[in-house]
Amino acid sequence: PLPLPLPGWRHSAPRPQPEQEWDEVSPTPTSVNYHFTRQCNYKCGFCFHTAKTSFVLPLEEAKRGLAMLKEAGMEKINFSGGEPFLQDRGEFVGKLVQFCKQELELPSVSIVSNGSLIRKQWFEKYGEYLDILAISCDSFDEDVNVLIGRRQGKKNHVENLHKLRQWCRDYAVAFKINSVINRFNVEEDMNEQIKTLNPVRWKVFQCLLIEGENSGEDALREAEKFVISDEDFDRFLDRHKDVSCLVPESNQKMRDSYLILDEYMRFLNCRNGRKEPSKSILDVGVESAIKFSGFDEKMFLRRGGKYVWSKADMKLDW
């Protein structure tokens, strides 16, 4: 039993739904990506979750939603943005991480960050509750990072990446790298740098267009100039085929196989090339909202979405 009441979850009378949707079996929210903020201190030109609002749920409401997701079958939560460490200087995401590991006892709690705002004191306070820290790094050439927009001020993104790698070792947090392959880095050879950093996973994404986010009239970004072909992406993967931690993700895998929860705790359906939100789980419950997520559970499993994601099971040499 959960320690929190779960208002809005499992009403005694069924809520009316369109018949064709009601008959479908609801997928299980095994792994959820919660983009609780859209604000960011970087300006990556291909960003597909842009700062259209500054809204962030109150902490207790966010906890209530997370408890509902756990009750519905969530095993892994990934906190993302925007930049998660912008809100309350990392305290907001820290408290959510602690809640999910300590109170909800989730097997895996992770964060995706650009890493620029993380301080050693954060690891001292919250590191024990975090399984995986994923840092976004698209290039090991600082000039390329500037072109992409993955930089603020004079701070060197690559040097900071190595510092965060060491802190993850010091505080027993599994270290992961995410890279978006685009026109500015597609010819780069990252083999030696990735092998030196030795992440548990190197997630390599193909640059993706989402209408209304990084493409189209009402978008805040113009990512068309970053787009690469499937053939370009395959050549990059082939160049790095000997990197054992490489996990490639094409556009098709990304679009259908992620459960994305926005800042209002609405599932985002990306199947039609734009983000179409469900109603909030806080209003209608997880089972009702997830029917409209467009989530392909089979694709999630085929792309290896479920893996050894608890640091207790990784048997890493800290």
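Residues numbered from 1 in each chain as written. Predicted model: local features only at pLDDT ≥ 70, side-chain atom pairs only at ≥ 80, totals over all residues. Heavy atoms only, no water.

J.: How should the overall build of the protein be read in this particular structure?
T.: Looking only at helices and strands, one finds 13 helices and 10 strands in the protein. Computed over C-alpha atoms, the radius of gyration of the protein comes to 19 Å, within 12% of the 20 Å expected from 2.2 N^0.38 for 318 residues, which places it in the range of a compact globule. Summarising its shape, the C-alpha atoms of the protein cover approximately 60 × 45 × 35 Å along the three principal directions. Put simply, the protein has 318 residues, and 56% of those count as buried. When the accessible surface of the protein is split by element, carbon and sulfur atoms take 47% of a total near 14500 Å². Seen as two clouds, the 46 positive and the 49 negative side-chain charges of the protein have centres 3 Å apart. (Helix = DSSP H or I, 4+ residues; strand = E, 2+ residues; numbered from the N terminus. Rg over C-alpha atoms; globule rule 2.2 N^0.38 Å. Buried < 20%, exposed > 50% of the residue type's maximum accessible area, 1.4 Å probe, protein only. Areas by Shrake-Rupley, 256 points an atom, 1.4 Å probe, with all protein chains shown as cover. Lys, Arg positive; Asp, Glu negative; His and termini not counted. Charge placed at Lys NZ, Arg CZ, Asp CG, Glu CD.)

J.: So what exactly am I meant to see when it comes to helix α2 (residues 59-71) here?
T.: Given 3.6 residues per helical turn, the α-helix brings residues three or four places apart onto the same face. Its 13 residues give α2 an end-to-end C-alpha distance of 19 Å, which sits within 8% of 18 Å, the value for a rise of 1.5 Å per residue. Within the sequence span of α2, burial applies to A62, K63, R64, G65, L66, A67, M68 and L69. (Expected span 1.5 Å × (residues − 1).)

J.: Before we go on, may I ask you to explain the packing of α2 against helix α3 (residues 91-103) in this structure?
T.: A packed helix pair is summarised by two numbers, namely the angle formed by the two axes and the spacing between the axes. Viewed as axis vectors pointing N to C, α2 and α3 meet at an angle of 35 degrees, and their least axial separation amounts to 11 Å. Crossing handedness for the pair α2 and α3: right-handed. Only F92, K95, L96, F99 and C100 of α3 make contact with α2, whose side of the interface consists of L59, A62, K63 and L66. Tallied by class, residues from the contact of α2 with α3 come to 7 nonpolar, no polar and 2 charged. (Axes fitted to C-alpha atoms, helices over the stretch in contact; angles between N-to-C directions. Left-handed = near helix turned anticlockwise from the far one by under 90°. Contact = heavy atoms within 4.5 Å. Nonpolar A, V, L, I, M, F, W, Y, C, P; charged D, E, K, R; others polar.)

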